[in-house]
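Breakdown of the fold
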Amino acid sequence: MRWPAYVHPGLMIGVLALALFVLREGLRVRRARLLGNPFDSSRHQRWARILVGLVVLGFGLGLASLGLLRGQPVGESVHFPLALASAAGITLAGALGTWLAWGAPPRVRAVHAVCGAAGVLLGIGAAIAGLALFP
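Below or above, wherever it landed, is the structure these notes cover. (Residues numbered from 1 in each chain as written. Predicted model: local features only at pLDDT ≥ 70, side-chain atom pairs only at ≥ 80, totals over all residues. Heavy atoms only, no water.)

1. As for the side chain of His112
For clarity, the threshold we go by: Each helix is a run of H or I in the DSSP string that is no shorter than four residues. Each strand is a run of E no shorter than two, and both are numbered from the N terminus. Nitrogen and oxygen atoms within 3.5 Å of one another constitute a polar contact, given that in protein one can donate a hydrogen and the other can accept it, and given that sequence-neighbouring residues count only through two side-chain atoms. Contacts are residue-level and defined by heavy atoms, with any inter-residue pair within 4.5 Å sufficient.
One can find His112 in helix H4 (residues 107–130). Polar contacts involving the side chain of His112 include one to the main-chain amide nitrogen of Gly97, which spans 3.5 Å. In this structure His112 touches His44, Ala93, Leu96, Gly97 and Leu100, once residues within four positions along its chain are discounted.

2. What to know about the nonpolar core
Just so we agree on the cut-off: Note on terminology: a nonpolar core comprises buried Ala, Val, Leu, Ile, Met, Phe, Trp, Tyr and Cys residues joined through side-chain atoms within 4.5 Å. Relative accessibility decides the category of a residue: with a 1.4 Å probe and only protein chains considered, values under 20% of the type maximum give buried, values over 50% give exposed, and everything between is partly exposed.
By size, the foremost hydrophobic cluster in this structure holds 9 residues: Val15, Leu18, Ala19, Val22, Leu51, Val55, Ala87, Ile90 and Val120. Elements represented by at least two residues in this core include exactly helix H1 (7–35), helix H2 (42–69) and helix H3 (79–101). Per element, the largest residue contribution to this core is 4 residues, and it comes from H1. Excluding its chain neighbours within four sequence positions, the residues that come into contact with Leu18 are Trp47, Ile50, Leu51 and Leu54. In this structure, Ala93, Leu96, Ala104 and Val108 belong to the second largest nonpolar core, which totals 6 residues.

3. Let's talk about the pattern of salt bridges
Definition in use: Whenever Lys or Arg places a side-chain nitrogen within 4 Å of a carboxyl oxygen from Asp or Glu, that contact is recorded as a salt bridge.
Scanning all chains against the criterion turns up 3 salt bridges. Residues Arg43 and Glu25 are paired through a salt bridge, measuring 3.0 Å at the closest nitrogen-oxygen approach. On the criterion of sequence distance, the pair formed by Arg43 in helix H2 and Glu25 in helix H1 is long-range, its members being 18 residues apart. When salt bridges with common partners are traced through the structure, they connect Arg24, Glu25, Arg28 and Arg43 into a single cluster.

4. Structural notes on the environment of Ile50
Within the secondary structure layout, Ile50 lies in helix H2. Among the residues examined, Ile50 registers a relative accessible area of 37% and is labelled partly exposed. Separated by 28 residues in the primary sequence, Ile50 and Val22 have C-alpha atoms spaced 9.9 Å apart.

5. Remarks on a nonpolar patch on the surface
Rules: Patch membership needs two things, relative accessible area over 30% and no salt bridge, and members are linked within 9 Å if like-charged or within 5 Å if nonpolar (Val, Leu, Ile, Met, Phe, Trp, Tyr). For every accessible area listed, the method is Shrake-Rupley and the probe measures 1.4 Å; residues are considered covered only by the protein chains on display.
Together, Leu20, Leu121, Ile124 and Ile128 give the surface a local cluster of nonpolar side chains, amounting to about 370 Å² of exposed area. Take the nonpolar patch: its biggest share by element is 3 residues, from H4. Positionally, Ile124 belongs in helix H4.

6. Digging into the packing of aromatic side chains
Defined as follows: Put simply, two rings from Phe, Tyr or Trp (the six-membered ring, in Trp's case) pair if the centres are within 6.5 Å, and we call them stacked under 30 degrees between planes, edge-to-face over 60, tilted for the rest.
In the structure shown here, the tally under the stated rule is 2 aromatic pairs. Considering the side-chain rings of Phe21 and Trp47, the 6.2 Å spacing of their centres and the 90° angle between planes classify their relative orientation as edge-to-face. Taken as a pair, Phe21 in helix H1 and Trp47 in helix H2 lie far apart in primary sequence, 26 residues in all. On the basis of relative accessibility, which here comes to 32%, the residue Trp47 falls in the partly exposed class. Ring centres of Phe59 and Phe80 lie 6.1 Å apart, and the angle between their planes is 35°; this geometry places the pair in the tilted category. Linking Phe59 in helix H2 with Phe80 in helix H3, this pair joins segments that are 21 residues apart in sequence. Using a relative accessible area of 21% as the deciding quantity, one classes Phe59 as partly exposed. By relative accessible area, Phe80 is classed as partly exposed at 24%.

Next up, the structure:
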């Protein structure tokens, strides 16, 4: 059966769409903050928590799919470093976001934004590179 090999790509397409939504929400929060307007960031925070969990799950499924289901070497494609960097960026952005919610210094906000945006952009690159790995 070949269908299990499609679980990871299918999940990650949804995760990438969610990442773009979370990024858009973060930009809306930033815009409001810069304009001095009140804005509730709870939707960004709630969906970002879900995103981080799905990214970690999807990364693990990708390793399992390639190594266990298809018997191919893990880490030898261009997809792997892009996916690893994307997962790291999004996970770090999530950790920094949690720290911001707990009262981190304001300069952390810029690092949070860069890590999150870079993670999403690298995720798009990983998705494109992953097309070469389809069974």
